[in-house]
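Given next are the chains, with one letter for each unit.
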Amino acid sequence: METYLRAMDWLYRGCIWISGLAIVTMSLVIPWGVYARKVLGRGAAWPEPVAVFCMVIFTFFGAAAAYRAGSHIAVRMMVDRLPGGMQRVLAYLVDVLMIMISLFMIVYGFRLSQVIWHQSVDTLPILKVGLTYLPLPLGGIAIMLFIIERIWAGSQKSRPIVTFDNDPEPAKIDGGAI
Amino acid sequence: MDALVLLGSLAILLAIGVPVAYSLGIASIVGALWLGVPLESVMIKISSGVNSFMLLAIPFFVLAGAIMAEGGMARRLVSFAYILVGFIRGGLSLVNVLASTFFGAISGSSVADTASIGSVLIPEMAKKGYPRDFATAVTCATSVQALLIPPSHNAVIYSLAAGGTVSIGTLFLAGIIPGLLLGGTMAALCLFFAYRHRHPKGEAIPLRQALKIAMEALWGLMTIFIIMGGILSGIFTATESASIAVVWAFFVTMFIYRDYKWKDLPRLIHRTVKTVTIVMILIGFAASFGYIMTLMQLPQKMTQFLTGLSDNKYTILLIINIMLLALGTMMDMAPLILIMTPILLPLTRSLGIDPVHFGMLMIVNLGIGLITPPVGSVLFVGSAVARLKIEQVVKAMLPFYFGLLFVLLVITYVPAISLFIPWLAGMLSDRQFCVSTGLFCN
């Protein structure tokens, strides 16, 4: 189990890095596009599809990491008022349902990506449409691995690697909006 | 029956604790299976839901706000507000209100507002003799301004949920007066309490020092002028303005303020990833859910149902408000905007309510939901920052709830409050303005 947890630490780190690099890239690419258009006077078409692709990467890898960190918004009102035994049963049920939806993301995501693999994005022909769909099933795999970890070893949202960004002054909430 | 399958499965999934985003996804799969729609089309909707250029504005605005809030901006905005209103009786509560107004102009997050302004002002107010629960209540209640005053990523989410028929720029302009109205109402309440409970006065700041503080704050407040100026003059789109806000925020905190360290950046990005992606994936799954709802013709049915109850638009608006307030106490803002907008917008349109006006109503209404128990993320953050029990804060908050409800009613029944500036800026035609508000019809 320890090995699996450590592997998941790496996966978590990987997801955060990929997602973090994606948001940094998109924050640079779009201003560059504006600069090129307004200052250099030659608008380029590529920043837009590149940024959107980065956003898709950011979303699905980041959401997987966020699942491990327990920051997804869930309605806990009813569940928290139930007796402990019921809560545990429901927690398993939630895990099973989460596995189902991640399987859906993986299977249908790959299938979709495969079907349209050879189409190109109009504004940037080197970018294949199929590729832009790929973060969906890949993120699905990451979530699935995190769910397995949760079933096996319980929630890992308090691991140091997951919480290192928290302030020493705890203003952290579980499942918070932005 | 269709509706029961879709909404029923969503309700069950939410109740047993499946995260909201995935509940929407599973419910749309259930709905698709029920209708016999191929699951591929659900998948296509999810991925096209997050494949939009407009959507980029959300992570950008949140990131820009986060950089400035953590890079010492909050403290400077508080100081700036202090030189303007600190010397009045109850000065620090007024500072709290005004700092939130300013904060709203750099960030659209009332959670971030509460966390960053609260951590500066709640201890300060407690030290100067304000009751701690009162200080927290003021912080939470005034943070709703951040949702209205541009830039507001919730306005972007609403614009997306409305199917792109309402421009982000128009919504930004529309939020200005409602935001200030909310701030003004809160300030009036604070003044009332200040005189009743003899809250202390602050001292005036010498001019020289005041100028220096103002200059520093202006660097940050420039963001809003860059964003609005860019959008209104057509130099760049809302999404582009958001990305430029990120670059500007980075520039100001790193090279002007210089109290943020490079090594803190990974933490900031880490936090942004954890908070923003949950909203992004929510948008993706909500797109598939919206698609199934449309196939089931739920919005039309909802319209028929509600117009069957009453044909008076004021009554229907009241029903909608009560419904949203009830939902808002249990759920967060973004999912509710994404689920409820496609259901309610056809109805309100058919009643002649401008979608921009309706958007403001929805944002204020759901914003109140963020500070009401049992589930209110602003309330949770506020109590955590103040180290108080939630019940204590809620008790101190009671008069402010009335203030907020008053603002909600005014925004609901006086459309001109939301539509006046968009009309002035030419985003709304004279005819549209006349039809929605009954003003300037000649």
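Please read these numbers as outputs of a predicted model, since none were measured by experiment.

Asker: Tell me about the overall build of chain B, and please be specific about residues and values.
Answerer: Scanning chain B from terminus to terminus reveals 22 helices and zero strands. A compact globule built from 442 residues would reach a C-alpha radius of gyration of about 22 Å, and chain B, at 22 Å, matches this within 12%. The dimensions of chain B, computed from C-alpha atoms along their principal axes, are 70 × 50 × 50 Å. Counting across all 442 residues of chain B, residues that qualify as buried make up 63%. Contacts spanning at least 24 positions in sequence make up 76% of the contacts within chain B whose residues lie at least 6 apart. Here chain B displays about 15600 Å² of accessible surface, and carbon together with sulfur accounts for 69% of that area. In chain B, 25 positive and 16 negative side-chain charges are present, and the distance between their average locations comes to 10 Å.

Asker: Report on the pattern of salt bridges, specifying residues and quantitative values.
Answerer: Counted under the stated rule, the structure contains 10 salt bridges over all chains. What you see here is one network of salt bridges that share partners, running through Asp9(A), Arg68(A), Glu149(A) and Arg159(A).

Asker: Requested: an account of the pairing of strand β2 (residues 124–128) of chain A, with residues and values cited.
Answerer: Residue and element names in this part refer to chain A. For strand β1 (residues 120–121) and β2, the ladder comprises two bridges, and the chain directions are antiparallel. From the neighbouring strand, Ser120 faces β2, where its bridge partner is Lys128. Between β1 and the antiparallel strand that follows it, β2, lie two residues.

Asker: Which residues make up the interface of chain A and chain B, and what values do they have?
Answerer: Each side of the interface is counted separately: chain A has 64 residues, and chain B has 67 residues. Taken over both partners, the interface formed by chain A and chain B buries close to 6100 Å², and the fraction arising from carbon and sulfur atoms is 76%. Between the two partners, chain A and chain B, sit two salt bridges. Residues Arg111(A) and Glu40(B) are paired through a salt bridge, measuring 3.2 Å at the closest nitrogen-oxygen approach. The tally of links between chain A and chain B comes to eight residue pairs in polar contact (both at pLDDT 80 or more).

Asker: Any chance you could break down the state of the cysteines for me, citing the residues and the numbers?
Answerer: Using the criterion set out here, one finds one disulfide over all chains in the structure. Two residues, Cys434(B) and Cys441(B), share a disulfide whose sulfurs are 2.1 Å apart. Looking along the S-S bond of the Cys434(B)-Cys441(B) disulfide, the torsion reads about 100°, which is the right-handed sense. The thiol of Cys15(A) is not disulfide-bonded; the next cysteine sulfur, from Cys54(A), is found 16 Å away.

Asker: Explain the nonpolar core residue by residue, including any values.
Answerer: Of all hydrophobic cores here, the largest spans 229 residues; its most connected members are Tyr22(B), Met397(B) and Phe400(B). Ignoring anything within four residues of it in the chain, the contact list for Met397(B) reads Ala137(B), Cys140(B), Ala141(B), Ile371(B) and Leu379(B).

Asker: Give me helix α3 (residues 39–49) of chain B: which residues, what numbers.
Answerer: By the burial criterion, the buried members of α3(B) are Leu39(B), Ser41(B), Val42(B), Met43(B), Ile46(B), Ser47(B) and Gly49(B). Next to the buried residues of α3(B) lie α2 (47–68), α4 (84–115), α5 (129–133) and α6 (135–153) of chain A together with α2 (20–35) and α14 (265–295) of chain B.

Asker: Tell me what's going on with the packing of aromatic side chains, and back it up with residues and numbers.
Answerer: The final tally for this structure, using the stated rule, is 19 aromatic pairs over all chains. A ring pair is formed by Trp32(A) and Tyr35(A), whose centres lie 5.6 Å apart and whose planes are at 40°; its orientation type is tilted. Of this pair, Trp32(A) and Tyr35(A) are both found in helix α1 (residues 2–38), three residues apart, which corresponds to roughly one turn of the helix. Given a relative accessible area of 39%, Tyr35(A) falls into the partly exposed group. Aromatic side chains Tyr314(B) and Tyr413(B) sit 5.6 Å apart centroid to centroid with 50° between the ring planes, which places their arrangement in the tilted category. One end of the pair, Tyr314(B), is in helix α16 (residues 313–330); the other, Tyr413(B), is in helix α20 (residues 390–413), with 99 residues separating them in the sequence. Residue Tyr314(B) is classed as partly exposed on the basis of its relative accessible area, which comes to 46%. Each member of the aromatic cluster is reached from another via a ring pair, and the members are Phe134(B), Phe192(B), Phe193(B) and Phe400(B). Taking NZ or CZ as reference, Arg13(A) lies 4.5 Å from the ring centre of Trp10(A), over its face. When the ring centre of Tyr108(A) is taken as reference, the NZ or CZ atom of Arg111(A) above it lies at 4.8 Å.

Here is what the cut-offs are and how they apply
- Residues numbered from 1 in each chain as written.
- Chains lettered and ligands numbered in written order.
- Predicted model: local features only at pLDDT ≥ 70, side-chain atom pairs only at ≥ 80, totals over all residues.
- Heavy atoms only, no water.
- Helix = DSSP H or I, 4+ residues; strand = E, 2+ residues; numbered from the N terminus.
- Rg over C-alpha atoms; globule rule 2.2 N^0.38 Å.
- Buried < 20%, exposed > 50% of the residue type's maximum accessible area, 1.4 Å probe, protein only.
- Contact = heavy atoms within 4.5 Å.
- Areas by Shrake-Rupley, 256 points an atom, 1.4 Å probe, with all protein chains shown as cover.
- Lys, Arg positive; Asp, Glu negative; His and termini not counted.
- Charge placed at Lys NZ, Arg CZ, Asp CG, Glu CD.
- Salt bridge = Lys/Arg side-chain N within 4 Å of Asp/Glu carboxyl O.
- Pairing = 2+ DSSP bridges.
- Buried area = accessible area lost by both parts, 1.4 Å probe.
- Polar contact = N/O pair within 3.5 Å; in protein donor to acceptor, adjacent residues only side chain to side chain.
- Disulfide = S-S within 2.5 Å.
- Core = buried A, V, L, I, M, F, W, Y, C linked by side-chain atoms within 4.5 Å.
- Phe/Tyr/Trp six-rings, centres within 6.5 Å; stacked < 30°, edge-to-face > 60°.
- Lys NZ or Arg CZ within 6 Å of the ring centre and 35° of its normal.

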